[in-house]
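# Notes for the structure review
Here's the letter readout for the chains.
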Amino acid sequence: MKFTIKKEDFLKNIYQLNYITNNNNLYIYNNILLNVKNNILLITNANQEMEIISKIKLYEKNENGAITVSSKNFINIFKNLQDNSEVLVKLKGDLIIIKTKNNKFNLSTLPSNNFPNIDKWVIKNQLEFILDQYTFKNIINSIYFSISNDNIKYSLNGVFLEIKNNIIQCIASDGHRLSICTLFINKKLPFCSIIIPKKGIFEIIRLLKEGNMKLQIGKNNIRIYIKNLIFTSKLINGIYPNYKNLLNNKKGVSFKINSDNFKNAIKRVSILASEKFNIIYLILNKNILNIKTQKPPKEKAEEFIEIIYNGPKIKIGVNLNYILPVLNSFKNKNIKILIKDLDNSIQITYNTNNIKYLHIIMPIII
């Protein structure tokens, strides 16, 4: 293996890869894989759950080959080289030689076949389609905070992605709240349902920016192609709980409110919320929303917001940690809030031309 590359060209590609952490004690997990093939340098960082590959076009004479080298040492060498350095990298025996006009480094290596490998990509029943990066990132950002942190409920430790005809739906829940974002597209796709683990979701949020991406769904993995990057994550092998019963009951009382006004009022009142319980109370009565909280022994705060409401007087308690992330996902939007008859849960909705946002928050027993 042999290739020549400029310092800056290498570093601008490697930074995207360096976020994947490895908790395995095996030395190979601290390495990156270098693979030169058909005038392309493929740099791979991986652990047992995820993999990122960066592709760099090579213009100088090169030789095909693959090897793994210490990620920390290899990257630190490039970082500390003089700017605009042209760097020769070649494999000699079991050493990688990194050479510039004034520098030379020899690094130990391990064989490429020892490198961690995501389960083989299964082509059978593979689904592939093009999607706008910004749109998909917006969908994930609007629900990811509802992912469960409970390791016992393993199937809830990720985002449930369901595709049916022209609908792409992402769902997250921790049992106390449910967040659903529905995207309508102009193309019919075959049915597919998968669970993307939380770590994979966070990596997708970090990687996505602007422009189109190609998304592939295999039997065990999801893969995203973004310009010169290929990201792969394992899927959660499990069955997502049936959440659709929560959507059937649409009876209750409702009102509309600006999301920023609602959020800011809650933040002001929550200054005096009990740190132990984090509860605010919402009281609806005759075109007024009263937001109230109290902390023993005698501290309390409340704020009144005028709304259009002619229903019965209702008082419910809500956990601040559940409602604020929902309101933070909306920026100055006129949202609809429905308080259901059967369980007093709060349903928050907002619709655009092709996206529907739905959040259900279970109440605190008063």
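Owing to the predicted nature of the structure, the values given are computational and were not obtained by experimental measurement.

Moving on to the side chain of Ser148. Looking at the element boundaries, Ser148 is found in the loop between helix H3 (133-141) and strand E10 (158-173). Exposure remark for Ser148: the relative accessible area of 2% places this residue in the buried category. Those residues in contact with Ser148, other than ones at most four positions away along the chain, are Leu156, Asn157, Ser173, Asp174 and Lys198.

This brings us to helix H1 (residues 7-14). Regarding H1, the residues found buried are Lys7, Phe10, Leu11, Asn13 and Ile14. Along the long axis of H1, the arc covered by the buried residues comes to 165°, so they all point the same way.

Taken N-terminus to C-terminus, the directions of helix H6 (residues 259-269) and helix H7 (residues 320-329) make an angle of 145°; their axes are 9 Å apart at the nearest point. As H6 runs across H7, the sense of the crossing is left-handed. Of the residues in H7, those in contact with Ser259, Phe262, Lys263, Ile266 and Lys267 of H6 are Leu320, Ile323, Leu324, Leu327 and Asn328. When grouped by side-chain class, the residues that make up the contact of H6 with H7 number six nonpolar, two polar and two charged.

Time to look at the packing of H3 against helix H4 (residues 198-207). At a closest axis distance of 9 Å, the pairing of H3 and H4 adopts a crossing angle of 140°. Between H3 and H4, the angle is such that the two are oblique. The chirality of how H3 crosses H4 is left-handed. Side by side, H3 and H4 meet where Gln133, Phe136, Lys137, Ile140 and Asn141 of the first sit next to Ile201, Ile204, Ile205 and Leu207 of the second. Counted by class, the contact of H3 with H4 contains six nonpolar, two polar and one charged residues.

To continue, consider the sheet that holds strand E6 (residues 86-92). If you trace the 12 strands from one edge of the open sheet to the other, you get E1-E6-E7-E8-E5-E2-E3-E4-E14-E13-E12-E9, paired in antiparallel fashion. The open sheet has two edge strands with one neighbour each: strand E1 (2-6) and strand E9 (127-132). Neighbouring strand axes in the sheet, compared pairwise and without regard to direction, differ in orientation by 25° on average. Two strands pair when backbone bridges link them, and E6 and strand E7 (residues 95-99) are joined in this way by five bridges, in the antiparallel orientation. Within E7, the residue paired with Lys90 across the bridge is Ile97. Sheet contacts for helix H2 (residues 71-80): E1, strand E2 (31-37), strand E5 (65-70), E6, E7 and strand E8 (104-110); angle to E5, the most-contacted strand, approximately 90°.

Calculation notes
- Residues numbered from 1 in each chain as written.
- Predicted model: local features only at pLDDT ≥ 70, side-chain atom pairs only at ≥ 80, totals over all residues.
- Heavy atoms only, no water.
- Helix = DSSP H or I, 4+ residues; strand = E, 2+ residues; numbered from the N terminus.
- Buried < 20%, exposed > 50% of the residue type's maximum accessible area, 1.4 Å probe, protein only.
- Contact = heavy atoms within 4.5 Å.
- Arc of directions from axis to C-beta.
- Axes fitted to C-alpha atoms, helices over the stretch in contact; angles between N-to-C directions.
- Left-handed = near helix turned anticlockwise from the far one by under 90°.
- Nonpolar A, V, L, I, M, F, W, Y, C, P; charged D, E, K, R; others polar.
- Parallel < 35°, antiparallel > 145°, perpendicular 65-115°, else oblique.
- Pairing = 2+ DSSP bridges.

In short, geometric facts, not functional conclusions.
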